[in-house]
There are 2 protein chains.
Amino acid sequence: MRVKCVVSYDGSRFHGFQVQDKERTVQGEIQKALKKINEEEVIIHASGRTDAKVHAVHQVFHFDTKKDLPPQQWKRAINHFMPNDIYILDASYTDDEFHSRYSAIKKEYRYLLSTKEYNPFDTNYVFQYGRQLDIELMREASQIFIGEHNFASFCSYDQYGNTIRTLYTFDIVEEDGIITFRLIGNGFRRYMVRHLVGGIIQVGAKRISKEILSEMLESCGTKKCLFKAKPQGLYLQEVYYEED
Amino acid sequence: MRVKCVVSYDGSRFHGFQVQDKERTVQGEIQKALKKINEEEVIIHASGRTDAKVHAVHQVFHFDTKKDLPPQQWKRAINHFMPNDIYILDASYTDDEFHSRYSAIKKEYRYLLSTKEYNPFDTNYVFQYGRQLDIELMREASQIFIGEHNFASFCSYDQYGNTIRTLYTFDIVEEDGIITFRLIGNGFRRYMVRHLVGGIIQVGAKRISKEILSEMLESCGTKKCLFKAKPQGLYLQEVYYEED
């Protein structure tokens, strides 16, 4: 049977999502718990990886199991073995057609940035930029990314695969000195959100123009965006499926 | 010359405020920075200690120095050497009569508690109680502590000194499932806030009555309060001085 889980985690103390031999990872912690419950190794499949220090409000993963627990017991059972920085919000049986990664149709990321004075409580949760940014300039520039584009200039250097993605939403909202960047797309390659936000911040700081950003996008990887926002402010907010 | 500083710190990764030989402490980190700036050992004096994992929004300390920095440079100089979980909000020269501890006339603490489902992002910042509490019962009970009392039953076992203190305010506010307890008094002994809040939570959970809490207070240490709220939700919010 296949179980679908929605999980929230504070990425501060993890070396990312994907399991690694010697480092503490989200997948590693969850698989350790599932091994105890299932009494055998269980591999989980997430909607995608998140990098070191990146958070998730609603990440989705699934796994297959022979353990026949009553549906409402999975959530409690897994949370029983979770460290305090991971929490399973929901767990339910799903059909075998469902795949956390391949069934996902949209993903939403949020990025938080502070224009205020440094706040030691937010150091792992909000990028402490500490200076003003021109919101209107950023809003204008963000719209060049909407639609289907080859985002090669905004992806990691080591990704030579398909870098064509569709971005549906790129909102920028400011409240009490905290700027929230909200991106919804059909998928995001590694470092793509951080490069998009990084480029937009450079426009908001008047270091580059919207036109330069546009040239980077159109160059399809020839003119790379060299500005990558820090991981600490990044949240995987939501993964959307047909059924939702 | 005497310098007065206002400092904010995330207590999560500290073994409390007071300097210790082998553990990471707030005082230890600040004194290391001041030694670099002053080129000699400097001892700081705070308004009071905070325990391991307890936070400070506005803690106050002072120190004496022979280093003749322009007033506006102290803040930047100290912050230059601070780790990311401590931040100096203000630093200014003050007269030699001023003492962070002895000149303080009032202190304000806040305690945050969540009645909502567990949130992995708040584990170090809000006590994850996860059940409902009767706010009206707690408000009523909190008022028995207002005024001058011998708080011996709500202090640490190892404190035999003067346990008489005056509590001016004990507010309880709920917003979106987060309850904020706000206490203002002329001083608080070790663990006193956590015992007062712990006792009140027991009343809100209907495990003890207001009368039992009252008996504890009147017993002056014979009937100890055994409920001590976790350190993670506690914040030293403000230290008040005559001059303010």
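Residues numbered from 1 in each chain as written. Chains lettered and ligands numbered in written order. Predicted model: local features only at pLDDT ≥ 70, side-chain atom pairs only at ≥ 80, totals over all residues. Heavy atoms only, no water.

Points about the interface of chain B and chain A
Put simply, the rule is: We call two residues in contact whenever any of their non-hydrogen atoms come within 4.5 Å of each other. Summed over both partners, buried area is the accessible surface (1.4 Å probe) that two parts give up on being assembled. Salt bridges are counted wherever a side-chain nitrogen of Lys or Arg sits within 4 Å of a carboxyl oxygen of Asp or Glu. Here a polar contact is taken to be a pair of N or O atoms separated by no more than 3.5 Å, where protein atoms must pair a possible hydrogen donor with a possible acceptor and residues adjacent in sequence count only if both atoms sit in side chains. Strands are runs of DSSP state E lasting at least 2 residues, helices are runs of H or I lasting at least 4, and numbering of each runs from the N terminus. Under the convention adopted here, Pro, Cys and the residues Ala, Val, Leu, Ile, Met, Phe, Trp and Tyr are nonpolar, Asp, Glu, Lys and Arg are charged, and Gly plus all remaining residues are polar.
With 18 residues of chain B in contact, the opposing surface of chain A contributes 18 residues. With both sides pooled, the region where chain B packs onto chain A buries about 1,500 Å², and carbon together with sulfur makes up 59% of that total. Of all residues in chain B, B:Tyr87, B:Pro120 and B:Phe121 give up the largest surface area on contact with chain A, accounting jointly for 40% of the area buried on that side. In this assembly, chain B and chain A are joined by two salt bridges. Notably, a salt bridge pairs A:Lys75 with B:Glu117, separated by 2.5 Å at the nearest N-O pair. Inspection of the region where chain B meets chain A yields six residue pairs in polar contact (both at pLDDT 80 or more). Elements with a minimum of two residues in the side of chain B that touches chain A: β1 (2-9), β3 (55-64) and β4 (86-94) of chain B. The element best represented in the side of chain B that touches chain A is β4(B), accounting for three residues. For the side of chain B that touches chain A, a count of residues per class yields ten nonpolar, four polar and four charged.

What to know about unusual backbone geometry
Note on backbone geometry: most residues besides glycine have negative phi, and most peptide bonds are trans. Residue and element names in this part refer to chain A. Quick reminder of the rule: Only protein chains enter the accessibility calculation, which uses a 1.4 Å probe; a residue whose area is less than 20% of its type maximum is buried, one above 50% is exposed, and one in between is partly exposed.
Residue Lys206 is not a glycine yet carries a positive backbone phi of 60 degrees. Relative to the helices and strands, Lys206 resides in the loop between α4 (192-204) and α5 (210-218). In this structure, Cys220 is a non-glycine residue whose phi angle is positive, near 50 degrees. When you line up the elements, Cys220 lands in the loop between α5 and β10 (234-241). Residue classification places Cys220 among the partly exposed residues on the basis of a relative accessible area of 40%.

A look at the UniProt feature "binding site: substrate" (unreviewed entry) in chain A
Residues and elements named next belong to chain A. The following threshold applies: UniProt positions are given in the numbering used here, feature names are shortened, and annotations may be inferred rather than shown by experiment.
The feature "binding site: substrate" (unreviewed entry), as given by UniProt, occupies Tyr109 in the numbering adopted here. Examined against the element boundaries, Tyr109 turns out to sit in strand β5 (residues 104-114). When its relative accessible area of 8% is taken as the criterion, Tyr109 is described as buried. Contact partners of Tyr109, with chain neighbours within four places excluded, come to Arg49, Phe181, Arg182, Leu183, Phe188, Val193, Leu234, Tyr235, Leu236 and Gln237.

Considering the domain arrangement of chain A
Residue and element names in this part refer to chain A. Cut-off, in case you're wondering: The source of the domain bounds is an automatic or database domain assignment.
Along its sequence, chain A is carved into domain 1 (2-94) and domain 2 (107-241). Averaged C-alpha coordinates put domain 1 and domain 2 at centres separated by 27 Å. Across the boundary between the two partners, domain 1 contributes 17 residues, which contact 16 residues of domain 2. Carbon and sulfur atoms supply 52% of the area that domain 1 and domain 2 bury against each other, a total of about 1,300 Å² over both sides. A per-residue breakdown of the area domain 1 buries against domain 2 is headed by Asp51, His55 and His58, which together make up 38% of the total. The partner of Arg190 in a salt bridge is Asp51, with the nearest N and O atoms 2.7 Å apart. On inspection of domain 1 and its partner domain 2, the count reaches eleven residue pairs in polar contact (both at pLDDT 80 or more). A breakdown of the residues in the side of domain 1 that touches domain 2 according to their chemical character gives five nonpolar, seven polar and five charged.

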